[in-house]
Amino acid sequence: MPTALLLSFAALLLIGVLISERAHRTVLSTAVLFLMGGFLLGQGAFGVVTVSTGDPIVGGLAELALFAVLFTDGMRVGYRDLRSAWRLPGRALLLGLPLTLALTALFAHYVAGLPWLESFLLGAVLAPTDPVFAAAIVGREEVPGRLRHLLNVESGVNDGMALPIVLVLLAATGGHDAHGEQLLLEIFLGILVGVVVPAAVLALERLPFLQATSSLQPLLAVSIGLLVLAICHATHANLFLGAFAAGITVASLGRELRHEFEQFGELVTELLKLAAIMVFGALITPAFLFQEIPFNGWIFALLALFFARPLALLVSFIGARLSFREQVTAMWFGPKGFASVVYGLIILESGIALADQIYHLVALVIVLSILSHSSTDVVIARQFSKRQAKTETTAPGS
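What counts, and where the lines are drawn
- Residues numbered from 1 in each chain as written.
- Predicted model: local features only at pLDDT ≥ 70, side-chain atom pairs only at ≥ 80, totals over all residues.
- Heavy atoms only, no water.
- Helix = DSSP H or I, 4+ residues; strand = E, 2+ residues; numbered from the N terminus.
- Buried < 20%, exposed > 50% of the residue type's maximum accessible area, 1.4 Å probe, protein only.
- Contact = heavy atoms within 4.5 Å.
- Areas by Shrake-Rupley, 256 points an atom, 1.4 Å probe, with all protein chains shown as cover.
- Expected span 1.5 Å × (residues − 1).
- Salt bridge = Lys/Arg side-chain N within 4 Å of Asp/Glu carboxyl O.
- Polar contact = N/O pair within 3.5 Å; in protein donor to acceptor, adjacent residues only side chain to side chain.
- Core = buried A, V, L, I, M, F, W, Y, C linked by side-chain atoms within 4.5 Å.
- Phe/Tyr/Trp six-rings, centres within 6.5 Å; stacked < 30°, edge-to-face > 60°.

Participant: How would you sum up the overall build of the protein chain? Please name residues and give values.
Facilitator: Across its full length, the protein chain holds 19 helices and zero strands. Relative to its 398 residues, the protein chain shows a buried fraction of 53%. If you take every contact in the protein chain between residues at least 6 apart in sequence, the share linking residues at least 24 apart comes to 82%. Counting every atom, the protein chain has about 17700 Å² of accessible surface; 68% of that belongs to carbon and sulfur.

The following block contains the structure:
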């Protein structure tokens, strides 16, 4: 890693940690700090960090970060979790996700002027969500548990659900090295490796003479992830689907291991994600935003952000037992996740004819999403807190 990039990340990380307590209570956001820090340190401002989309460090960091994200996301959604409380997340995933994709594709075609195939590809890239950019919602006890569970499970699953669609549509546009049977084989192998490797390791770990000590339990999950990563590279299996399947397998077969890994894994994933967000910010310049993206691109971004998911979830939650406040919060907090960043980079490097235009639109939506969602999560969480306090003071006997 170049010295300037490492020094910049270390400085931003230190600042982020030092202001984290205040950020937890205000509209300050760690994600915004790294995005804006990368932008200011990049070639669009001071030129301290000089990276381009073709640099190996950009692709390598994005790949590793997304692998970690999908692995930890999968660990949030074990079989028992989905079976015990699937109704609301099921609505968001099985109806809300396709509707969000379709509405985004409609806006991309009729507003941004993309052909239909590329429009649906853009819709698939922007469909996943990420509650890390709305941490005050999913991490606050005063926010109703079913709402936090809904957003957590939805974001944990939709990255993996959108990925095969992205790969198939990318192949259909001629931008993937694998076509037809080879692409399906990569997808199948990724899922197979992600299921078999964790299942075999967990079976070995249960043998009396092969048990790991409690202090090293988190590293067992790390070793599973690294094995899946290495085997997927060796067999040309899809490593992202392998990561997601591995996380779900660990969550389903080794619940105690998932809890041991949770804090450690979240910290490692957060480090990789923040580093990738900083690099993503460094790739963006004023010319990128205000000269290379036409006016209709900005209109598309606003429609994709403020209308696609809200309308999709409005339809999805018809008949659901959610309060108006909970429903509006779920509709709004669909921040475009880190997965969308990497999917956008994959498209940019794919060589398809409209790759540059699609990437510009993806980047614009993600920037606007990080800025808007990360600055409103604390405000909305406080509204739930005030409502809860009001309910407690007006309750009989208080």
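Participant: Requested: an account of helix 11 (residues 217–235), with residues and values cited.
Facilitator: Within an α-helix, residues lying three or four positions from one another point in the same direction, as the helix has 3.6 residues per turn. Look at helix 11: 28 Å from first C-alpha to last across 19 residues, which is about the 27 Å you get at 1.5 Å a residue. Among the residues of helix 11, Q217, P218, L220, A221, I224, G225, V228, L229 and C232 are the ones counted as buried. On the buried face of helix 11, the contacting elements are helix 4 (56–75), helix 10 (181–205), helix 12 (239–253) and helix 13 (255–283). Count one or two residues on from helix 11 and you reach H236, which has phi positive near 60°.

Participant: Outline the pattern of salt bridges, listing residues and values.
Facilitator: Across all of its chains, the model carries two salt bridges by this definition. E326 is paired through a salt bridge with R146; the nearest N and O atoms lie 2.8 Å apart. In this pair, E326 sits in helix 16 (residues 324–332) while R146 sits in helix 9 (residues 145–172), placing the two residues 180 residues apart along the sequence. For E326, a relative accessible area of 4% corresponds to the buried category. Judged by relative accessible area, which is 40%, R146 ranks as partly exposed. For R309, the salt bridge identified is with E154, shortest N-O distance 2.6 Å. Of this pair, R309 sits in helix 15 (residues 295–316) while E154 sits in helix 9; the two residues are 155 residues apart in sequence, bridging distant segments of the chain. The exposure class assigned to R309 is buried, which follows from its relative accessible area of 4%.

Participant: So what about the side chain of T72? Which residues, and what values?
Facilitator: Here T72 is to be found in helix 4. For T72, a relative accessible area of 4% translates into the label buried. Here V69 takes part through its backbone oxygen, which lies 3.0 Å from a polar atom of the side chain of T72.

Participant: I'd like a description of the environment of L216, backed by residues and values.
Facilitator: Within the secondary structure layout, L216 lies in the loop between helix 10 and helix 11. We classify L216 as partly exposed; its relative accessible area is 46%. For L216 and E260, which are 44 residues apart along the polypeptide, the C-alpha to C-alpha distance reads 9.1 Å.

Participant: I'd love a proper account of the environment of R146, names of residues and values included.
Facilitator: For the pair R146 and L322, spaced 176 residues apart in sequence, the C-alpha to C-alpha distance is 9.0 Å. Those residues in contact with R146, other than ones at most four positions away along the chain, are L88, R321, L322, S323 and E326.

Participant: Hey, could you go over the nonpolar core for me, with residue numbers and the actual values?
Facilitator: In this structure, L122, F280, F300 and F338 are the most contacted members of the largest nonpolar core, which totals 106 residues. Residues contacting F280, with those up to four places away along its chain left out, are L35, V341, Y359, A363, I366 and V367. By size, the runner-up hydrophobic cluster in this structure holds 16 residues, among which are L88, L147, M331 and F333.

Participant: An account of the packing of aromatic side chains is requested, with residue identities and associated values reported.
Facilitator: Per the stated rule, a full pass over the model turns up seven aromatic pairs. When the ring of F290 is compared with that of W298, the centres are 5.7 Å apart and the planes differ by 10°; the resulting orientation is stacked. Between F306 and W332, the ring centres sit 5.5 Å apart and the planes meet at 10°, which makes this aromatic pair stacked. In this pair, F306 sits in helix 15 while W332 sits in helix 16, placing the two residues 26 residues apart along the sequence. According to the relative accessible area criterion, F306 is partly exposed, its value standing at 38%. By relative accessible area, W332 is classed as buried at 18%.

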